[in-house]
Amino acid sequence: MATETSKAVLITGCSSGIGEATARRLARAGWTVYASARRLESIESLAGDGCKLLRLDVTDEQSMRAAVEVIVRDHGAVGVLVNNAGYSQGGAIEQVPMEAVRRQFETNVFGAIALTQLALPAMRAQRWGRIVNVGSMGGRLTFPGGGLYHATKYSLEAISDALRFEVKGFGVDVTLVEPGLITTEFAKSAVASVVEAQSASMGANRAESADGSNPYERFNVKLAAMTTGVYESPIRHLGGAPDVVAKAIERAISRRRSPSRMLLTPSARLTVLQRKLLPDRLWDAMMRTQLPQPR
Ligand SMILES: NC(=O)c1ccc[n+]([C@@H]2O[C@H](COP(=O)([O-])OP(=O)(O)OC[C@H]3O[C@@H](n4cnc5c(N)ncnc54)[C@H](OP(=O)(O)O)[C@@H]3O)[C@@H](O)[C@H]2O)c1
């Protein structure tokens, strides 16, 4: 077992987007990076940048335990943990099957908690560590049709706040990054989840109107179009590429004292400000200009 302080980095969800960009950036900057994904073949190209590859599914505790064990064996500890894996389960709350609700929390919240628990003993023992949770501006405001996703990101806000206090004295800093619009595979999977939730719900004969029609149909159609549209519209210029988040993560873990929160991209700063200034009624009225109210 190594005696030096380990700064080995473990990142979840590296097959695309923010995780992939972070793994690549940190490895190129000289960090020892363990890039992970549930399908190893999806991260093969990262080996070319110097990343070590691990199979890790954040809903599979055994795979998380095995990944942490490899790093502890080789370096003494996970020095930096980046809890990035996540997706958005969209759809009206009434229509999302409970199995999908549970999967959303298992992936975005419980996975991050479990990995944190697995990584902390060795981090504490070496009295140095960094935990970065990839939250979202969506942990500070809620869009209709995204309630479940937002609930997971609000959870990460609470968990990061508590954890920051609890582990500070052991030399472990916690940073919550809160990106706005970032162009990744995120929108595609969010749209697919709306369609799946709707068809599962209708198939199960739930959430139907008396005449058997779907009371959320117009809402869901618009929601899916809006989710895709926002990443293609001029508004996307207020967002950024995944490397914007990767760069922020690199900054956070390189500092002597990591920042507790990083609200990233103008889109996040503007939308969070807007939400803060608008009372609920006005916020809802603004949402009605974007989405038909189901009735
Ligand atoms: N893009 C945005 O606008 C945005 C904004 C704010 C926050 N975020 C957050 O950023 C994080 C990364 O998302 P992204 O934008 O980079 O989207 P992305 O390109 O879709 O990447 C999501 C990653 O999570 C992985 N993942 C999903 N379920 C997993 C599981 N059970 N175990 C391990 N990995 C799993 C995916 O792997 P597979 O290929 O195996 O599915 C993929 O590598 C998420 O937490 C997201 O909520 C994104």
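What counts as what
- Residues numbered from 1 in each chain as written.
- Predicted model: local features only at pLDDT ≥ 70, side-chain atom pairs only at ≥ 80, totals over all residues.
- Helix = DSSP H or I, 4+ residues; strand = E, 2+ residues; numbered from the N terminus.
- Rg over C-alpha atoms; globule rule 2.2 N^0.38 Å.
- Buried ≥ 20, exposed ≤ 12 C-beta atoms within 10 Å, placed from the backbone.
- Contact = placed C-beta atoms within 7 Å.
- Near = placed C-beta within 6 Å.
- Pairing = 2+ DSSP bridges.
- Right-handed = clockwise from strand over helix to strand, strands pointing away.
- Axes fitted to C-alpha atoms, helices over the stretch in contact; angles between N-to-C directions.
- Expected span 1.5 Å × (residues − 1).
- Parallel < 35°, antiparallel > 145°, perpendicular 65-115°, else oblique.
- Left-handed = near helix turned anticlockwise from the far one by under 90°.
- Nonpolar A, V, L, I, M, F, W, Y, C, P; charged D, E, K, R; others polar.
- Core = buried A, V, L, I, M, F, W, Y, C linked by C-beta atoms within 7 Å.

Novice: What should I look at first to understand the overall build of the chain in this one?
Specialist: Tallying secondary structure elements over the chain gives nine helices and seven strands in all. For 295 residues, the compact-globule estimate of 2.2 N^0.38 gives 19 Å, and the C-alpha radius of gyration of the chain, at 20 Å, lies within 12% of that figure. Reported as C-alpha extents along the three principal axes, the dimensions of the chain are approximately 70 × 40 × 35 Å. When burial is assessed residue by residue, the chain has 45% of its 295 residues classed as buried. Of the contacts made within the chain by residues no fewer than 6 positions apart, 75% connect residues no fewer than 24 positions apart.

Novice: I tried to follow the site of the ligand on my own but got confused; where do I start?
Specialist: Inspection of the region around the ligand gives 30 residues, with Gly13, Gly17, Ala85, Gly86 and Thr184 positioned closest. Take the shell around the ligand: its biggest share by element is three residues, from helix 1 (residues 17-28).

Novice: I would appreciate a short explanation of the environment of leucine 163 in the present structure.
Specialist: As for its position among the elements, leucine 163 is in helix 4 (residues 147-168). Leucine 163 sits in the buried class, given 20 other C-beta atoms within 10 Å. Leucine 163 sits 81 residues away from valine 82 along the chain, and the two C-alpha atoms are 14 Å apart. Not counting chain neighbours up to four residues away, the residues in contact with leucine 163 comprise Thr116, Ile131 and Val174.

Novice: Help me understand the pairing of strand 4 (residues 80-83), please; the structure alone is not making it clear to me.
Specialist: Sheet faces and side chains relate simply in a regular strand, where the side chains alternate between the two faces. Side-chain alternation along strand 4 places Val80 and Val82 on one buried face and Leu81 and Asn83 on a second face that is also buried. Sheet analysis places strand 1 (residues 9-11) next to strand 4, joined by three bridges and oriented parallel. Bridging from a neighbouring strand, valine 9 pairs with valine 80 of strand 4. Both strand 4 and strand 5 (residues 129-134) contribute to a ladder of four bridges, which runs parallel. Each residue of the ladder has a partner; that of asparagine 83, found in strand 5, is asparagine 133. For the segment spanning strand 4, helix 3 (residues 98-126) and strand 5, crossover handedness is right-handed.

Novice: I'm lost on the sheet that holds strand 3 (residues 52-55) in this one. Help?
Specialist: Across a sheet, paired strands are connected by hydrogen bonds in the backbone, their directions being either parallel or antiparallel. Here seven strands make up an open sheet; going across it, the order is 3-2-1-4-5-6-7 and the pairing parallel. Taken across any chain shown, the strands that pair with only one partner, and hence form the sheet edges, are strand 3 and strand 7 (261-264). On average, adjacent strands in this sheet sit at an angle of 20° to one another, irrespective of strand direction. Sheet topology places strand 1 next to strand 2 (residues 33-37); three bridges connect them, and they run parallel.

Novice: Would you mind going over helix 4 with me for this structure?
Specialist: What sets the pattern is the α-helix's 3.6 residues per turn: residues three or four places apart point alike. In this model helix 4 runs 31 Å from its N-terminal to its C-terminal C-alpha over 22 residues, within 8% of the 32 Å that 1.5 Å per residue would give. Elements that come into contact with the buried residues of helix 4 comprise helix 3, strand 5 and strand 6 (172-179).

Novice: Looking at this structure, I do not really get the packing of helix 1 against helix 7 (residues 242-254). What am I missing?
Specialist: In a packed pair of helices, the relevant descriptors are the angle between the two axes and the axis-to-axis distance. Following both chains from N to C, one finds helix 1 and helix 7 inclined at 50°, their axes separated by 8 Å at the closest point. Classified by the angle between their axes, helix 1 and helix 7 sit oblique to one another. The element helix 1 and its partner helix 7 pack so that their crossing is right-handed. Along its contact with helix 1, which presents Gly17, Ile18, Glu20, Ala21, Thr22, Arg25 and Leu26, the element helix 7 presents Pro242, Asp243, Val245, Ala246, Lys247, Ile249 and Glu250.

Novice: Just checking my understanding: could you explain the packing of helix 3 against helix 4 for this structure?
Specialist: Where helix 3 meets helix 4, the axes come as close as 9 Å, and the angle between the chain directions of the two elements is 15°. Between helix 3 and helix 4, the interaxial angle falls into the category roughly parallel. In the packing of helix 3 onto helix 4, the handedness of the crossing is right-handed. Contact residues: Val101, Gln104, Phe105, Asn108, Val109, Ala112, Ile113, Thr116 and Leu120 in helix 3; Leu148, Tyr149, Thr152, Ser155, Leu156, Ile159, Leu163 and Val167 in helix 4. Counted by class, the contact of helix 3 with helix 4 contains 12 nonpolar, five polar and no charged residues.

Novice: Would you mind going over the nonpolar core with me for this structure?
Specialist: One broad trend across soluble globular proteins is that nonpolar side chains are buried collectively. Counting residues in hydrophobic clusters, the biggest one holds 61 residues, and the most contacted among them are Val9 and Val33. Broken down by element, the residue count for this core peaks at seven residues, all from helix 3. Discounting residues that sit within four places of it in the chain, valine 33 has contacts with Val9, Ile11, Ala23, Leu26, Ala27, Cys51 and Lys52. Of all hydrophobic cores here, the second largest spans 13 residues; its members include Ala92, Val96, Phe186 and Ala224.

Novice: How do you make sense of unusual backbone geometry when you look at a structure like this?
Specialist: For arginine 127, which is not a glycine, the phi torsion comes out positive at approximately 55°. You can see arginine 127 is positioned in the loop between helix 3 and strand 5. Phi is positive for threonine 265, which is not a glycine, with a value near 85°. On the secondary structure map, threonine 265 appears in the loop between strand 7 and helix 8 (266-277). Accessibility expressed as a C-beta count within 10 Å gives 22 for threonine 265, which makes it buried.

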